[in-house]
Amino acid sequence: MRCLEPDLHVICAPNPSPMTGDGTNTYIIGTDDVCIIDPGPESDAHFKALVDALHHCGRLRKILVTHSHLDHSPLARRLSHHSGAPILAFGNSSAGRSDRMELLAHSGHAGGGEGVDHAFRADRTLKDNESIQLGEHELRAIWTPGHFGNHLCFEWRGAVFSGDHVMGWSSTLVSPPDGDMGAYMRSLDRLEAQMPRRLYPGHGAPVDAPRARIAELRQHRQAREDAILSQLLVGPRTIAQLVGLIYSDTPPSLHPAASRNIFAHLIDLEERGVVKSHPEMSTTAIFSCDQRE
């Protein structure tokens, strides 16, 4: 357990991977009356580490979940049973999806990402901008769909727990239908408008220059979009062809994730009328672009 600032500690779950960095950050806020943000994956070792930490920090009163990917939410239920603390989140794993993403989900186009915790259920659902009281502490839920439809960030003392929406070590995977590129970009704008003093992400180290990092991520997404459009202006392409052309320097093991990001960009571009899919939007469609937006 590592202290980040007064009344805030973090424990990193033992689930390192190319998608999770060193592992999932579980944050412990408060003394005496305590809340946890993102209990993490189903792990006996991590569960024991959290229970041991609570003996020193205080009684667990609330369990907050940023989103229900398998690396963030599964341990919430066991921790709730152990402590009696309720689980608070935006909703289940389909909450927050747009109508378009819901249609894609029913059409069988889900895939990629860290894996969905389909069994996840909240004891109490949180609304956008809802406040959560914890003794002398107050947190505010900020709905930030994009990486996942039910994704929440939590503001606390001017800092924001940013989940997988903004991280310092990596860009965020956006994999439809759980991920939505248009929503992700709008949520970046929303998070920037909060003017946070610091970000505490779901993976990796704290982000001490939030506005600069958000600008960097926005530029990264714009560069990806420009690269896609440049290729489509040459001629129609499939997602597989676009991955080979745009991610030529990326290890093949990461190409599946790259294909999901490109799929997310193409859905957003089609919704904006920039790109057409033939015969219809799918991971196997042929995409074309006649001219720039």
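Anyway, here's the lowdown on the structure attached to this text.

Quick notes on the rules
Residues numbered from 1 in each chain as written. Predicted model: local features only at pLDDT ≥ 70, side-chain atom pairs only at ≥ 80, totals over all residues. Heavy atoms only, no water. Phe/Tyr/Trp six-rings, centres within 6.5 Å; stacked < 30°, edge-to-face > 60°. Buried < 20%, exposed > 50% of the residue type's maximum accessible area, 1.4 Å probe, protein only. Lys NZ or Arg CZ within 6 Å of the ring centre and 35° of its normal. Helix = DSSP H or I, 4+ residues; strand = E, 2+ residues; numbered from the N terminus. Pairing = 2+ DSSP bridges. Axes fitted to C-alpha atoms, helices over the stretch in contact; angles between N-to-C directions. Parallel < 35°, antiparallel > 145°, perpendicular 65-115°, else oblique. Left-handed = near helix turned anticlockwise from the far one by under 90°. Contact = heavy atoms within 4.5 Å. Nonpolar A, V, L, I, M, F, W, Y, C, P; charged D, E, K, R; others polar. Salt bridge = Lys/Arg side-chain N within 4 Å of Asp/Glu carboxyl O.

### Some details on the packing of aromatic side chains
Thinking step 1. For the coordinates displayed, the defined rule picks out five aromatic pairs.
Thinking step 2. Ring centres 6.0 Å apart and planes at 45° place the aromatic pair tryptophan 156 and phenylalanine 161 in the tilted group.
Thinking step 3. Taking the relative accessible area as the measure of exposure, tryptophan 156 reaches 0% and is therefore buried.
Thinking step 4. Exposure remark for phenylalanine 161: the relative accessible area of 1% places this residue in the buried category.
Thinking step 5. A network of ring pairs unites the aromatic residues Tyr27, Trp156, Phe161 and Tyr200 as a single cluster.
Thinking step 6. Looking at arginine 78, its charged tip hangs above the ring of phenylalanine 47, at a distance of 4.5 Å from the centre.
Thinking step 7. The ring of tyrosine 184 carries the charged tip of arginine 221 above its face, separated from the ring centre by 5.2 Å.

### Overview of the side chain of asparagine 15
Thinking step 1. One can find asparagine 15 in the loop between β2 (8-12) and β3 (25-29).
Thinking step 2. Residue asparagine 15 is classed as buried on the basis of its relative accessible area, which comes to 16%.

### Observations regarding the sheet that holds strand β10 (residues 152-156)
Thinking step 1. Overall, mixed pairing links the five strands, which are arranged β8-β9-β10-β11-β12 in an open sheet. If you trace the sheet from one side to the other, it starts and ends with β8 (131-134) and β12 (198-201), each paired once. Averaged over all adjacent pairs, the angle separating strand axes in this sheet is 25°, with direction ignored.

### Quick word on the packing of helix α5 (residues 210-234) against helix α6 (residues 239-246)
Thinking step 1. Interhelical geometry of α5 versus α6 gives an angle of 115° and a closest axis separation of 10 Å. By the angle class used here, α5 and α6 are roughly perpendicular. When you trace α5 past α6, the crossing you get is right-handed. Touching Arg224, Ala227, Ile228, Gln231 and Leu232 of α5 are Leu242, Leu245 and Ile246, all from α6.
Thinking step 2. When its residues are assigned to classes, the contact of α5 with α6 shows six nonpolar, one polar and one charged.

### Some details on unusual backbone geometry
Thinking step 1. In this structure, the amide linkage connecting proline 176 to the following residue, proline 177, adopts the cis form with an omega of 5°.
Thinking step 2. Positionally, proline 177 belongs in the loop between β11 (159-163) and α4 (181-193).
Thinking step 3. The step from histidine 278 to proline 279 runs through a cis peptide bond, and the omega angle for that step is 0°.
Thinking step 4. Along the chain, the position of proline 279 falls in the loop between β13 (276-278) and β14 (286-288).

### Some words on the pattern of salt bridges
If charged atoms from side chains of opposite charge come close, those side chains can pair.
Thinking step 1. Under the criterion given, the structure shown has 19 salt bridges.
Thinking step 2. Where arginine 100 meets glutamate 270, a salt bridge forms, and the shortest distance between an N and an O atom there is 2.7 Å. With arginine 100 in helix α3 (residues 99-106) and glutamate 270 in helix α7 (residues 255-271), the pair connects residues that are 170 residues apart, well separated along the chain.
Thinking step 3. Aspartate 268 is the partner of arginine 272 in a salt bridge, and the nearest nitrogen-oxygen pair spans 2.9 Å.

Interpretation note: all reported values are geometric properties and have no functional meaning in isolation.
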